[in-house]
Amino acid sequence: MEQKEVLIEVKDLCKNFGETKALRNVSFSVHKGEIRGLIGENGSGKSTVASIICGIQPATSGTMYYKGKEWTPKNAIEAQQSGIGMVVQETGTIANISIAENIFIGDYSRFKKRGFLSKKEMFLQARKALEDVGITEVLPEMPTRLLDFQNRKMVEIARIMKINPELLIVDETTTALSQHGREILYKIMRAVADNGGSVILVSHDLSEMMEHCSVLTVLRDGIMVGELEKEDFEEQTIKRMLVGRELEGNYYRNDMEPYSDEVVLRADCITTMEQLMNVSLELHKGEILGIGGLSECGMHRLGHALFGLEEIIDGAVTLVPKGIKVTDSEVAFDNKMGYVSKDREGESLERNASILSNIISAGYDLCRVGPFSSARKEREYVRKQINQLSIKCVDEHQIVRYLSGGNKQKVVFAKWIACDVEVVILDCPTRGVDVGVKAQMYHLINEMKKKGKSIIIISEEMSELRGMCDRILIMRDGKIEREFMRADGFDEHEIIECMI
Amino acid sequence: MQRIIDIGRKRWFVEILPVFILLSLFLIFGIQTNGIIFNRGNLNNILEQALITAIATIAVSFIYTTGNIDISIGSIICVSCVVGGRIFESTNSVPLMLLVTTISGFLLLNINGLLSTFLKIKPMVVAIVMMTVYQAIATQVMGAVIMNIPFNVVNTLQESPIRMVLFFAYLVVSVIVFHFTKVGRQLRLLGGNERCAKTVGINRGRLLLISYIMAGIGIGLSAACTLIRTGTVSSVSPTTGTDVMLATVLGGMSIFGGHRSKCYAGVIGALSIVVLNKGLLMIGVSNEIVQGIRGLIFILIVYLTSEKQKTIPSRLDY
């Protein structure tokens, strides 16, 4: 194979966060026209490498060369101007400005007309930019906060594609996207590579990486454990490299355990201001109910509505055994409901608080002595979860902001597992979480089912729904389209057909 | 540099920084004034003033924690003293004077809280408006007159341990509520991430009400102590409003609230700010310049201790 020109080279990169060594002597070089995969478990340092390259944070030591010159970006703007664009894992858009303004952020001067900003021109250009990345259903004039997570990501991608990046870094984005969104992103990645640029794809979704990358760099605990060419891709080998030991293939549940007939939560023809139209469902005791669909279909909004976070203009959500109407989240929480949001940083975590404060926030009442909170009980309560979910941290007082994406999700999960909820709504519970942790989470979900708890899983991952659920409701355009039963075997093609 | 940043992140560092600041201030002014600041009279003076500031700072920490700011404290204390003074004038009863002063402080702060809740305006905006309203009331009631409470009354009160008792009682209750109950944790969570707080069943309105009630008690007590300390009533607001902000940051708590909030921060912070005020005046800096220096220190500490804040609030915040 002819040796192509190197676009970026990373040499002996190290990064410490206090006492934690996130990266230890990582070296690799990315050639032009290559789609490089960075793969590793949570906290293995994938995102850290990506963020150092695009100037979000400096390295502790080590050098980088970009287009043959030494590369020491001061910030992300400098990186962008030099043609390095990155799609980040968390929300990278500003909620309260319009989509168009988000796309052209930092570049408004190009729409100046006689000293004034020509919004008309900007909206026109924004629409074009959106069409380029294949989104047609949103208006550029809309405030960004009205979009759901997936579309916000797409807006971000549109923004980055506006600068025509030579090096595109995609950090754990695909897990937030539906199949349609993923296809668009893959197409964009290929286009960048074909035009002589390079792509660095950060993910831990093995099948995705094997399909789309030409070279894989495997990281484990901040150390580079290997580099594989496309022809050497082999699932078991990579898995072994990832975790450093053999992994069993199947981590979903494989039983056909039934659930009781007792209804615990009922939604009666609920309609919300946006998206949801006349949705009814019943959740039974000991049932894992899956809700799937394309990301536009309103299933995330449904999760919100069931937990009382969304104004319901018609219909009602009722906790059947007690006959209580869920009018707001306070009622829901007081009656032992839990909710894991898809928007992790926005709704599920206080990022400046410690792991302890976060986990304890749903369980104050379980750690009390009389009217006072007990530091000892709180510590035990939290440590138990840290051990059970093996959250990688220095101690329970570590600030959540400094944890990796997957570990953050574990903290959210721990919060609700610990406080012993009866009904739990999980919106994309395994977003940005690696294989090992996924297996653990699925195991815990299954344990909850066995204890007679009721679980709703809202997910964009078909395999997750098919693997875990007793029943799947597929939504389309804010309505429930069809119901699938575990006993009938979930036929993948039928389900997908129903979604589109 | 990285090392310095790493140290800054350590938990113990945040805890000892305020003590360090206080000791340095004492040292600096001790040298500058040739030790005069350590006179019995001066120390007493510092302690008495710090007591008032400390109670008020503990009080506002309940409001700051939730991510809100109230700067009308000074004028609330002023109006409360005016009301208390008028009551004393007509009844000549000392207990009644102190009680009415405390209750006025409590009520006035809670008017701010209720206005903010019912009109759904940010407490900061309410506070700015109400500050001028309270000031107007004080001027209207008192005019340019300075009313003196009889010396023997003031002296008896000053010599009795009542202020110390009030201070410690309030401190203990506050620390318990803030650090050893569910309410305290919920207040911090609310200040840190309101949407997240919502998902764990926190009722924002009820918590804000609790925070204003706790703060109101403190502001009332602080007003009563002001009255005892000065023995005079006039329509001029004390600088307590900005003192409490400075005391808060000097005590190592962010005025933007959240996880790191602690209600005892104000005690050390109050001592620091009073030493600073007093020390600067003693070495001959004019009162106006003292204000300027305070401003600079304030902005510096906020910059050093807080995460980047939004610089201009968007219209959706109101």
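Note that this is a predicted model, so its numbers are computed, not measured.

Student: Report on the overall build of chain B, specifying residues and quantitative values.
Tutor: Summing up its helical and strand segments, chain B has 14 helices and two strands in all. Expected size for 318 residues packed as a compact globule is a radius of gyration near 20 Å; at 20 Å, chain B falls within 12% of this value. In terms of overall dimensions, chain B has C-alpha extents of about 55 × 50 × 35 Å along its principal axes. Looking at chain B as a whole, 47% of its 318 residues qualify as buried. Contacts in chain B between residues far apart in sequence, at least 24 positions, make up 80% of those at least 6 positions apart.

Student: Describe the interface of chain B and chain A, listing the residues and the values that go with them.
Tutor: Across the boundary between the two partners, chain B contributes 21 residues, which contact 26 residues of chain A. Listed by contribution, the elements that provide at least two residues to the side of chain B that touches chain A are α1 (2-9), α9 (182-192) and α10 (194-199) of chain B. The residue inventory of the side of chain B that touches chain A, partitioned by class, reads five nonpolar, nine polar and seven charged.

Student: Account for the sheet that holds strand β6 (residues 84-87) of chain A, naming residues and giving values.
Tutor: Residues and elements named next belong to chain A. Here six strands make up an open sheet; going across it, the order is β6-β9-β10-β3-β11-β12 and the pairing mixed. Only two strands of the sheet have a single partner each, and these edge strands are β6 and β12 (223-229). Each adjacent strand pair in this sheet contributes to an overall mean axis angle of 15°, direction not counted. On the sheet, helix α6 (residues 179-194) packs against β3 (35-40), β9 (167-171) and β10 (198-203) and is oriented at approximately 145° with respect to β10.

Student: For the confidence of the model for chain B, give the residues involved together with the corresponding values.
Tutor: Across chain B, the average pLDDT comes to 86, with 92% of residues at or above 70. Note on residues 308-318 of chain B: pLDDT is under 50 here. Beyond four places in sequence and across chains, it has seven contacts.

Student: Describe the pairing of strand β18 (residues 337-340) of chain A, and please don't skip the residues or the numbers.
Tutor: All names here are of chain A. Side chains Met-337 and Tyr-339 of β18 all project onto a buried face; the interleaved residues Gly-338 and Val-340 project onto the opposite face, where all are buried too. Here four bridges tie β18 to strand β21 (residues 423-427), and the two strands are oriented parallel to one another. For Met-337, the partnering residue across the bridge sits in β21 and is Val-423.

Student: Got a sec to walk through the nonpolar core? Specific residues and values, please.
Tutor: Ranked by internal contacts, the top residues of the largest apolar core, which has 165 residues, are Ile-55 and Ile-219 of chain B. Residue contributions to this core peak at 13 residues, all from helix α3 (residues 40-65) of chain B.

Student: If you had to explain the pairing of strand β16 (residues 312-319) of chain A to someone new, which residues and values would you point to?
Tutor: Residues and elements named next belong to chain A. Note: strand β13 (residues 263-272) against β16, six bridges, orientation antiparallel. Pairing of Thr-271 across the sheet is with Asp-314, part of β16. Sheet analysis places β16 next to strand β17 (residues 324-325), joined by two bridges and oriented antiparallel. Residue Thr-318 lies in a different strand from β17, and its bridge partner there is Lys-325. Where β16 folds back onto β17 in an antiparallel hairpin, the turn is made up of four residues, including Gly-323, whose phi is positive at roughly 65°.

Student: Before we move on, could you go through the packing of helix α5 (residues 94-119) of chain B against helix α11 (residues 204-230) of chain B and cite the residues and values that matter?
Tutor: All names here are of chain B. Put simply, α5 and α11 touch, their axes get as near as 7 Å, and they point 150° apart. In terms of orientation, α5 and α11 fall into the roughly antiparallel class. Crossing angle aside, the handedness with which α5 passes α11 is right-handed.

Student: How would you explain the domain arrangement of chain A if you had to name every residue and give the values?
Tutor: Residue and element names in this part refer to chain A. In terms of domain boundaries, chain A breaks down into domain 1 (6-243) and domain 2 (263-499). Computed from C-alpha coordinates alone, the two centres of domain 1 and domain 2 are separated by 29 Å. Tallying the contact residues gives 21 residues for domain 1 and 22 residues for domain 2. Secondary structure elements with two or more residues in the side of domain 1 that touches domain 2: α5 (149-162) and α6.

Student: Any details on unusual backbone geometry? Residues and values, ideally.
Tutor: In this model, Asp-420 of chain A sits at a positive phi of 60°, which is unusual for a non-glycine residue. Within the secondary structure, Asp-420 of chain A is located in the loop between α14 (405-418) and β21. On the basis of neighbour count, Asp-420 of chain A is assigned to the partly exposed category, with 14 C-beta atoms found within 10 Å. In this structure, Asn-92 of chain B takes a positive phi of about 60° despite not being glycine. Mapped onto the secondary structure, Asn-92 of chain B falls in the loop between α4 (73-91) and α5.

Student: Let's hear about the packing of α9 of chain B against α11 of chain B: which residues, and what values?
Tutor: All names here are of chain B. Relative orientation of the contacting elements α9 and α11 amounts to 110°, with a least axis distance of 10 Å. Viewed along their axes, α9 and α11 adopt a mutual orientation that is roughly perpendicular. Read as a crossing pair, α9 and α11 show a hand that is left-handed. Residue-level contacts link Val-183, Gln-186, Leu-187 and Leu-190 of α9 to Arg-204, Leu-207, Ile-210 and Ser-211 of α11. Taken together, the residues of the contact of α9 with α11 break down into five nonpolar, two polar and one charged.

Student: Help me get a handle on the sheet that holds strand β23 (residues 471-476) of chain A, residues and values and all.
Tutor: Residues and elements named next belong to chain A. Taken in spatial order, the six strands make up an open sheet running β18-β21-β22-β15-β23-β24, and their pairing is mixed. The open sheet has two edge strands, β18 and β24 (479-485), and neither has a second partner. In this sheet, adjacent strand axes meet at a mean angle of 15° when their direction is disregarded. Where β21 and strand β22 (residues 454-458) come together, five bridges link them in parallel fashion. By the bridge assignment for β22, Val-423 is matched with Ser-454. Where helix α17 (residues 492-499) meets the sheet, it contacts β15 (288-293), β23 and β24, and its direction lies at approximately 30° from that of β23.

Calculation criteria
- Per-chain numbering applies: the sequence of each chain, read as written, is numbered from 1 onward.
- Here every chain gets a letter starting at A, and every ligand a number starting at 1, in the order they are written.
- For this predicted model, a pLDDT threshold of at least 70 governs which residues receive local features, and a threshold of 80 or more governs which side-chain atom pairs are given and counted, while totals over whole chains, interfaces and linings are taken from all residues.
- Only DSSP runs of H or I covering at least 4 residues are called helices, and only runs of E covering at least 2 are called strands; the numbering of each starts at the N terminus.
- Only C-alpha atoms enter the radius of gyration, while the globule expectation follows 2.2 Å times N to the 0.38, with N the number of residues.
- Exposed residues have 12 or fewer other C-beta atoms within 10 Å of their own C-beta, buried residues have 20 or more, and partly exposed residues fall in between, where C-beta atoms are placed from the backbone.
- Each residue is represented by a C-beta atom placed from its backbone, and any two residues with such atoms within 7 Å are regarded as in contact.
- Residues were grouped as follows: Ala, Val, Leu, Ile, Met, Phe, Trp, Tyr, Cys and Pro as nonpolar; Asp, Glu, Lys and Arg as charged; and all remaining residues, including Gly, as polar.
- Following DSSP output, two strands are said to pair if at least two bridges run between them.
- Interaxial angles span 0 to 180 degrees and are taken between N-to-C directions of axes, which are lines fitted to C-alpha atoms, for helices over the stretch in contact.
- Per-residue confidence from the predictor is given as pLDDT, running between 0 and 100.
- Under the definition applied here, buried Ala, Val, Leu, Ile, Met, Phe, Trp, Tyr and Cys residues are grouped into a nonpolar core through C-beta atoms within 7 Å.
- Geometric relationships in this document are graded by angle, where less than 35 degrees denotes roughly parallel, more than 145 denotes roughly antiparallel, 65 to 115 denotes roughly perpendicular, and other angles denote oblique.
- In this scheme the crossing of two helices becomes right-handed for a clockwise turn of the near helix relative to the far one and left-handed for an anticlockwise turn of less than a right angle.
- Each domain span listed reflects an automatic or database assignment of domains.

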